[in-house]
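A look at the structure
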Amino acid sequence: VIPSKTHIALLASPGFGHFIPVVELAKRLAGLHGLTITLFAITPEVHPVQDELLRSATSSWPGLINTVILPYEEPTFPSNVDPVPRMLAMIRSVFPSLRSSISSMTEKPIALIVDHFGTEAIRAVANEFNMLKFVFICTNAWFLSYNLYLPYVKEVIKRGEPFYIPGCEPLVGDDIREFTFFPEYQTHKDFVHIGYDIASSDGILVNTWDDLEPETLLAFKDTRFMKRIVKPPVYPIGPLVRTGEPTGAKPEIFRWLDCQASGSVVYVSFGSGGTISTQQTIELAWGLELSIQRFIWVVRPPIENDSAAFLLTPMENDADGLISKYLPDGFLGRTRDMGFVVPMWAPQEEILAHGSIGAFFSHCGWNSSLESIVNGVPIIAWPLYAEQNMNATMLVKHLGVAVRPEVNPSKELVRRDEIAKMVRRVMVDEEGIGIRKRVNDLKERAKKALSEGGTSYNALSEVVKKIGD
Ligand code: UDP
C-alpha cells in the first residue's frame, strides 16, 4: 500500500463504453488502493446518466475522487464520417483545457491513465508534465493484440484471407474490421498511431482476466515477437463492470421483474450506441413475440444503414412516446403481460443482476459482454459495430456462452423465425443448459480473479506499486 496522498489522473473518452469502465477503475483505485484521483470526463454536454455516474464516483469515496468535466468541440467534418477520427478530433480539442487544468493544480498527478482513444494525450500532455503513462483498454486482450500488431503488418490484408494475430485465433470474414483492408483509410492510420502510442506507455491495463484469455495474454510476454515490439507490461485487471447503486424507491421495471419467475426474462439491448433498421425492428418485435418468452426491450428509433448511430450523439429521451410507432401494430397490447418496453436507456447492470433475467440479447460491446458474464447470464449475440463481431466469435466459439444468427445482423436482415429460434435455443432447449453452466463457471472465475489475492486484484496492485515506486 502506498501513501494515500498519491495523486493520479484518469481521462475518459466520450461514449459510455469508455466512460463506465474508467469510472469503475477510478473507484477501485481509490477504494482498494487509497489513491487520490482526478477523473477528467470528455463530454458533449450535461447528460443525466453521465451526471449520475460522476456523482456516484465522487460520493463512493469522498475526498478521494474529484471529477473535472472537459467539454469538447464538435468536429467540423460531417457527422457521417467514421466514428474513430471524429472521436479523436473531439478528444484532441480538450488538450488545451486538460493542460491548463493540470498546470493549475498545486499537487500535480504523477500518472495519467487514458483509455484506448485517449492515447494521444500521452504525447500531447503526459510527457510535458513528466507523468507516468498507462493505457486502460476497455475491451479484451484479443483486440489489444490486434491493435498492437497492426503497425507491423507489412502486407495488405485481403478480404477472404485469414488475418493472423499473435496469441489469437486467425480472424476471418466480418471479424476483421473493415479499415484493416485499407491502409489509406484514416481509421486505419489512427489505429496504427494508437498502436504505437500504447506501446510507448509504461503499462497497459486491460479489462479481461488471466484465465479468460490465457493464450493471448501469454503472447504479450513472448520475447520472440510481441515483447520486442511492446515493451510495457500488460496487466489483466478485469472484469471491471459498473456496480449498481442501491436506489431508494423501486422503479416500475424492477417491480415487474420481481413478479417474474427466476431466469424467465430475456433482456434486449444494443449498448449505448446501437441501432437497427425499421424492418429489423419489426422482425425483432415479431421474433420476441413468437418465442413466447418474457422480455425487457430497450427500444430506440430505428435508423437505416448506420448501426452505431447513437454512439457519439447524446440521446434524447422519448418524452413524446414516439418509439411505439415503429413497433408492429398491436404489439404492445398483445405483449402487455409478457414484455416490458423501455425507451432509449435502461439501468442495464441492475437489470442483468436481477434473478429473473435468463438471457441477454446483446450487441456484444465488451462492457455488455462482461456484465452478462459476471451475472451468469447467457448471451444471444447480435454484433453491430466496432470489434463486436470478434467479441461474438469469442463468446460463441471459445467460451461457449452465446448463440448467434447465421447472418451478420449489421449487414443483413435477420428474420423473425430465426430470432424466435435463437431465443428458444437459450431459454427453452437443452442447449441452453450447457450455455448456462459455462457462463456460471466464468462468473465464478471472474469473481475469484477480482477478489483479494486473485490474479486481477494482484495485477492492479502491481500497477499501484509501479506508480508509487
Ligand atoms: N448501458 C446502460 N443502459 C443502456 C445501454 C447501455 O446502462 O440502455 C451501459 C451498459 O451497461 C454498458 C455500456 O452502457 O456498461 C455500454 O458499453 P458496451 O461496451 O457494452 O457498448 P457500447 O455502448 O460501447 O457499444
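This write-up is about the structure you can find in this document. As the structure is a prediction and not an experimental result, all values here were calculated from the model.

**Brief notes about the overall build of the protein chain**
Helix and strand counts for the protein chain come out as 18 helices and 13 strands. Radius of gyration (C-alpha) of the protein chain: 22 Å, near the 23 Å computed for a compact globule of 469 residues. Each of the three principal axes of the protein chain carries a C-alpha extent, and together these read 60 × 55 × 50 Å. Among the 469 residues that make up the protein chain, the fraction classed as buried is 48%. Long-range pairs, those at least 24 residues apart, make up 74% of the contacts in the protein chain between residues at least 6 apart in sequence.

**As for the site of the ligand**
Around the ligand, a shell composed of 19 residues is seen, among which G17, G271, S272, G365 and S368 lie nearest. Of all the secondary-structure elements, those providing two or more residues to the shell around the ligand are helix 1 (16-33), helix 13 (348-352) and helix 14 (366-374). Considering every element that reaches the shell around the ligand, the biggest residue donor is helix 14, with four residues. Residue composition of the shell around the ligand, grouped by class: six nonpolar, 10 polar and three charged.

**Side note on the nonpolar core**
Of all hydrophobic cores here, the largest spans 140 residues; its most connected members are L10, A26 and I380. A total of nine residues in this core trace back to one element, the largest contributor, which is helix 1. Filtering out sequence-adjacent residues up to four positions away, I380 remains in contact with A359, F361, A402, V403, M422, V423 and V426.

**So, the environment of Y72**
As for its position among the elements, Y72 is in the loop between strand 3 (65-71) and helix 3 (83-92). C-alpha of Y72 to C-alpha of W297: the two residues are 225 residues apart in sequence and 32 Å apart in space. When residues no more than four places from it in sequence are discounted, the contact partners of Y72 are P14, I42, P44, M90, S93 and V94.

**Observations regarding helix 16 (residues 416-427)**
In an α-helix there are 3.6 residues to a turn, and that puts residues three or four apart on one side. In this model helix 16 runs 16 Å from its N-terminal to its C-terminal C-alpha over 12 residues, within 8% of the 16 Å that 1.5 Å per residue would give. Every buried residue of helix 16 is accounted for by I419, M422, V423, V426 and M427. Seen along its axis, helix 16 keeps its buried residues to an arc of 120°; they face one direction. If you follow the buried residues of helix 16, they end up packed against strand 8 (265-269), helix 11 (278-291), strand 11 (357-362), strand 12 (379-381), strand 13 (402-403) and helix 17 (430-450).

**Overview of the pairing of strand 9 (residues 294-299)**
Extensive coverage of strand 9 is indicated by the burial of six of its six residues. Going residue by residue along strand 9, you find R294, I296 and V298 tucked away on one face and F295, W297 and V299 tucked away on the opposite face as well. Note: strand 8 against strand 9, four bridges, orientation parallel. Within strand 9, the residue paired with V265 across the bridge is R294. Handedness of the strand 8-helix 11-strand 9 crossover: right-handed.

**Some points on helix 2 (residues 48-60)**
Over its 13 residues, helix 2 extends 18 Å from the first C-alpha to the last, a length consistent with the 18 Å expected when each residue adds 1.5 Å. Every buried residue of helix 2 is listed here: Q50, L53, L54 and A57. The buried residues of helix 2 occupy an angular sector of 95° when projected down its axis, which confines them to one face. With respect to the buried face of helix 2, the exposed residues turned more than 90 degrees away are P48, D51, E52, R55 and S59. Taken together, the buried residues of helix 2 touch helix 1, strand 2 (36-43) and strand 3.

**Section: the sheet that holds strand 8**
Sheet strands pair by backbone hydrogen bonding; their relative direction is either parallel or antiparallel. Taken in spatial order, the six strands of this open sheet run 10-9-8-11-12-13, and their pairing is parallel. The sheet is open, and its two edges are formed by strand 10 (339-343) and strand 13, each paired on a single side. Where strand 11 and strand 12 come together, three bridges link them in parallel fashion. What sits directly across from S362, in strand 12, is A381.

**A word on the pairing of strand 4 (residues 111-115)**
Counting buried residues along strand 4, five of its five residues qualify, which places the element largely inside the surrounding structure. Side-chain alternation along strand 4 places A111, I113 and D115 on one buried face and L112 and V114 on a second face that is also buried. With four bridges joining them, strand 1 (residues 7-12) and strand 4 adopt parallel strand pairing. Bridging from a neighbouring strand, L10 pairs with I113 of strand 4. Pairing analysis gives five bridges linking strand 4 to strand 5 (residues 132-137), with the strands arranged parallel. Looking at the pairing, I113 lines up with F134 of strand 5.

**Quick look at the packing of helix 3 against helix 7 (residues 186-199)**
Across the interface, helix 3 lies against helix 7 with an axial gap of 8 Å and an inter-helix angle of 55°. Considered as vectors, helix 3 and helix 7 are oriented oblique to each other. Contact residues: V84, P85 and L88 in helix 3; Q186, T187 and D190 in helix 7. Across the contact of helix 3 with helix 7, the residue classes break down as three nonpolar, two polar and one charged.

**What to know about the environment of C168**
When you line up the elements, C168 lands in the loop between helix 6 (141-149) and helix 7. Judged by local crowding, C168 falls into the buried class, with 23 C-beta atoms found within 10 Å. Distance from C168 to F134, taken between C-alpha atoms, is 23 Å for residues 34 residues apart in sequence. Setting aside its immediate chain neighbours within four residues, C168 contacts W142, S145 and T216.

**Describing the sheet that holds strand 1**
One open sheet accounts for seven strands, arranged 3-2-1-4-5-6-7; its pairing is parallel. Looking at strand neighbours, the two that pair on one side only are strand 3 and strand 7 (234-236), the edges of this open sheet. Put simply, the sheet's adjacent strands are angled 20° from each other on average, direction ignored.

Reading guide: rules and limits
Residues numbered from 1 in each chain as written. Predicted model: local features only at pLDDT ≥ 70, side-chain atom pairs only at ≥ 80, totals over all residues. Helix = DSSP H or I, 4+ residues; strand = E, 2+ residues; numbered from the N terminus. Rg over C-alpha atoms; globule rule 2.2 N^0.38 Å. Buried ≥ 20, exposed ≤ 12 C-beta atoms within 10 Å, placed from the backbone. Contact = placed C-beta atoms within 7 Å. Near = placed C-beta within 6 Å. Nonpolar A, V, L, I, M, F, W, Y, C, P; charged D, E, K, R; others polar. Core = buried A, V, L, I, M, F, W, Y, C linked by C-beta atoms within 7 Å. Expected span 1.5 Å × (residues − 1). Arc of directions from axis to C-beta. Pairing = 2+ DSSP bridges. Right-handed = clockwise from strand over helix to strand, strands pointing away. Axes fitted to C-alpha atoms, helices over the stretch in contact; angles between N-to-C directions. Parallel < 35°, antiparallel > 145°, perpendicular 65-115°, else oblique.

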